[in-house]
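One-letter residues, chain by chain:
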Amino acid sequence: MVTPFRGYVRTKDKSPCQKFGNGEPLLTLEEVENLEEYAGILNGEFTVKDVDESDEAERVYRFVTDHNLNCRIYKTTRGLHFMFKNSAYCTKGVVKVTDALGFSFDVRTGKNMYVVLKSKGKVREIIRDFDETRPIDEFPKCLAPVRNAQKFTGMADGDGRNGALFKHSALLLKSGYTPTEVKSILYYINQYACPKRKCRR
C-alpha cells in the first residue's frame, strides 16, 4: 500500500494545531481518524498540485484521465488535489502559480508540507487512486509552474487566443521547453483549456 505521509497532525480551520517541522512526534492515523479535522504530513517523496478553481480542476482531471496518469486525486470543498511522485520540474512549495497549460494552482512538496485529509467532520474522498501494479507518475513538466504564464481557460478564437498562444510559445521556449514539447502543449491547451464548455467527469 502506498503511504505518502510520514504522520498526521490535528488541524483547526485547515491549519495545524501542533508543530511538526523540526522532528516533533507526529500522530498515527488511528489517533486522528476520529477527530473533526486532521492533515497528513508529506514524507518527502510526493508532490501535490492543488487546483482550487472547480472548472480548472475538472479540466486538469480530464487531462490526467485521458493520459492515464498514475496519480492520486482527492476531492476538496473547492477543487481537486493531484498527488504525484516528485520530479525535477516542481521542487518547492509555492502558491498562486500558473502551469504551461494556463491553469492556476498551489504546490505542496517536501517533508514539511501538510495536506488536509479531513475537514468539518468529513474525510476527503479519493476519486482516483494509485494503480499499484505500475509505477506512479512523476509530476509532469507540462503541469509544473511557468513564470508569467498566461491563463487560457475558456478562451475562444475571437478572444485573442492565437496571439496569446504565439506569445506563450515564446515564453515556453525561454523557459526550457523544446519545440516538440511546445507543440504538444499548444495542442493540450486547445483540447483542455480553451473550450468554453465545462469539462465534466
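Numbers given to residues run from 1 along each chain, matching the order in which its sequence is written. Where local features are concerned, this predicted model is filtered to residues with pLDDT of at least 70; where side-chain atom pairs are given and counted, the filter is 80 or more; whole-chain, interface and lining totals use all residues. As a rule here, side-chain values cover all heavy atoms of the structure and leave hydrogens and water aside.

**Focus on the sheet that holds strand β1 (residues 5-12)**
1) Next: Note: two strands are recorded as paired if DSSP finds a minimum of 2 bridges between them. Secondary structure elements are defined from DSSP: runs of H or I of at least 4 residues count as helices, runs of E of at least 2 residues count as strands, and each element is numbered from the N terminus. Read across the sheet, five strands follow the order β2-β1-β3-β9-β10 without closing on themselves; strand pairing throughout is antiparallel. The sheet terminates laterally at β2 (15-16) and β10 (122-123), the two strands that pair on one side only.
2) Next: Pairing between β1 and β2: two bridges, direction antiparallel. For Thr11, the partnering residue across the bridge sits in β2 and is Pro16.

**A closer look at helix α3 (residues 161-174)**
1) Next: The terminal C-alpha atoms of α3, which comprises 14 residues, lie 20 Å apart, in line with the 20 Å expected from a rise of 1.5 Å per residue.
2) Next: Buried positions along α3 lie against α4 (179-193).
3) Next: Two residues or fewer past α3, Gly176 is found with a positive phi of approximately 100 degrees. Here, expected helix span is obtained from the residue count minus one, scaled by 1.5 Å. For this analysis, residues touch if any pair of their heavy atoms sits within 4.5 Å.

**Describing the sheet that holds strand β7 (residues 94-98)**
1) Next: Strand order across the open sheet formed by six strands is β7-β8-β4-β6-β5-β11, with antiparallel pairing between neighbours. Two strands lie at the open edges of the sheet, namely β7 and β11 (126-128), each paired on one side alone. Between one strand axis and the next, the sheet turns by 30 degrees as a mean value, whatever way the strands run.
2) Next: Of the strand pairs in this sheet, strand β5 (residues 72-75) and β11 are connected by two bridges, and their pairing is antiparallel. Residue pairing across strands places Tyr74 opposite Ile126, the latter belonging to β11. The convention used is that axes are lines fitted to C-alpha atoms, helices contributing only their stretch in contact, and that angles between N-to-C directions extend from 0 to 180 degrees.

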